Amino acid sequence: QDVRADKDNGNFLESSRMQIDSVDHALIQLIGRREDIVRAIGRYKAEKHIAPLQKARFNEVLEQSIAEGKKAGLSPEFIKTLMNAIHEESLRIERDSTAY
Ligand SMILES: C=C(O[C@@H]1C=C(C(=O)O)C=C[C@H]1O)C(=O)O
């Protein structure tokens with residue numbers, strides 16, 4: 001059962017959840033911005049006949065993200081899961097971009 005207003009006298013939960021909603025909003029906007037760039041790369045690659053998947057580049061992205069995650073107290077396993085999910089979406093978008 002979810003804890004709501006009755007047990008949240010100082011509104012700690014409510015205000016913390018508002019902060020989470022705001023961070024989530026920013027997170028989604030940022031991922032959208034990232035994928036806009038990917039879409040442009042996808043169009044460029046289609047024109048030049050370059051494959052969407054670039055393993056060496058993605059490994060670089062992964063390593064950089066794992067290092068950044070470490071500074072932010074996030075586990076390498078979590079960063080790998082997160083970045084792999086984002087990368088999957090990138091590849092989907094790039095394959096779509098060839099249609100434009
Ligand atoms: C965006 C690119 O295309 C793909 C997507 C990547 C990403 O989302 O970071 C990285 C490498 C590629 O597999 C790229 O080649 O840079």
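I will try to describe carefully the structure that is included in this document.

What counts, and at which threshold
- Residues numbered from 1 in each chain as written.
- Predicted model: local features only at pLDDT ≥ 70, side-chain atom pairs only at ≥ 80, totals over all residues.
- Heavy atoms only, no water.
- Core = buried A, V, L, I, M, F, W, Y, C linked by side-chain atoms within 4.5 Å.
- Buried < 20%, exposed > 50% of the residue type's maximum accessible area, 1.4 Å probe, protein only.
- Helix = DSSP H or I, 4+ residues; strand = E, 2+ residues; numbered from the N terminus.
- Near = heavy atom within 4 Å.
- Polar contact = N/O pair within 3.5 Å; in protein donor to acceptor, adjacent residues only side chain to side chain.
- Areas by Shrake-Rupley, 256 points an atom, 1.4 Å probe, with all protein chains shown as cover.
- Nonpolar A, V, L, I, M, F, W, Y, C, P; charged D, E, K, R; others polar.
- Expected span 1.5 Å × (residues − 1).
- Salt bridge = Lys/Arg side-chain N within 4 Å of Asp/Glu carboxyl O.
- Axes fitted to C-alpha atoms, helices over the stretch in contact; angles between N-to-C directions.
- Parallel < 35°, antiparallel > 145°, perpendicular 65-115°, else oblique.
- Left-handed = near helix turned anticlockwise from the far one by under 90°.
- Contact = heavy atoms within 4.5 Å.

Comments concerning the nonpolar core
Counting residues in each nonpolar core, the largest one holds seven residues, listed as Phe-58, Val-61, Leu-62, Ile-66, Ile-79, Met-83 and Ile-86. Sorting the residues of this core by element identifies helix 2 (55–71) and helix 3 (76–97) as the ones contributing at least two each. Sort the elements by how many residues they give to this core and helix 2 lands first, with four residues.

Structural notes on the site of the ligand
The ligand sits among Arg-34, Ile-41, Lys-45, Pro-52, Leu-53, Gln-54, Arg-57, Val-61, His-87, Ser-90, Leu-91 and Glu-94. In this structure, an oxygen atom belonging to the ligand sits 2.7 Å away from a side-chain N or O atom of Lys-45. Residue Ser-90 places a side-chain N or O atom 2.8 Å away from an oxygen atom belonging to the ligand. Burial of the ligand by the protein chains amounts to 91% of its free accessible area of 360 Å². Residue assignment for the shell around the ligand shows that the elements contributing at least two residues are helix 1 (12–48), helix 2 and helix 3. Broken down by element, the shell around the ligand gets its largest block of residues, four residues, from helix 3. Each residue belonging to the shell around the ligand can be placed in one class, and the counts come to five nonpolar, three polar and four charged.

Focus on helix 1
With 37 residues, helix 1 should cover 54 Å at 1.5 Å per step; its first-to-last C-alpha distance of 54 Å lies within 8% of that length. The set of residues buried in helix 1 consists of Glu-35, Val-38, Gly-42 and Lys-45.

A look at the pattern of salt bridges
Counting across every chain of the model gives seven salt bridges. A salt bridge links Asp-36 to Arg-39; the shortest N-O distance between them is 3.0 Å. Pair noted here: Asp-36 and Arg-39 are both in helix 1, with a separation of three residues, about one helical turn. One salt bridge in this structure joins Glu-60 and Arg-57, with 2.7 Å as the shortest N-O distance. Linking Glu-60 with Arg-57, this pair stays in helix 2, spanning three residues, or about one helical turn. Classification of Arg-57 as partly exposed rests on a relative accessible area of 47%. Through salt bridges that share partners, Glu-89, Arg-92 and Asp-96 make up one connected network.

Thoughts on the environment of Glu-77
On the secondary structure map, Glu-77 appears in helix 3. Exposure remark for Glu-77: the relative accessible area of 52% places this residue in the exposed category.

Here we look at the packing of helix 2 against helix 3
Axis angle and axis distance: for two packed helices, these are the angle between their axes and the distance between the axes, and together they describe the pair. Here helix 2 crosses helix 3 at 140 degrees, and the two axes come no closer than 9 Å. Taken together, the axes of helix 2 and helix 3 lie oblique to each other. Where helix 2 crosses over helix 3, the two elements pack in a sense that is right-handed. Facing Phe-58, Val-61, Leu-62, Ser-65, Ile-66 and Gly-69 of helix 2, the residues of helix 3 in contact are Pro-76, Ile-79, Lys-80, Met-83, Asn-84 and His-87.

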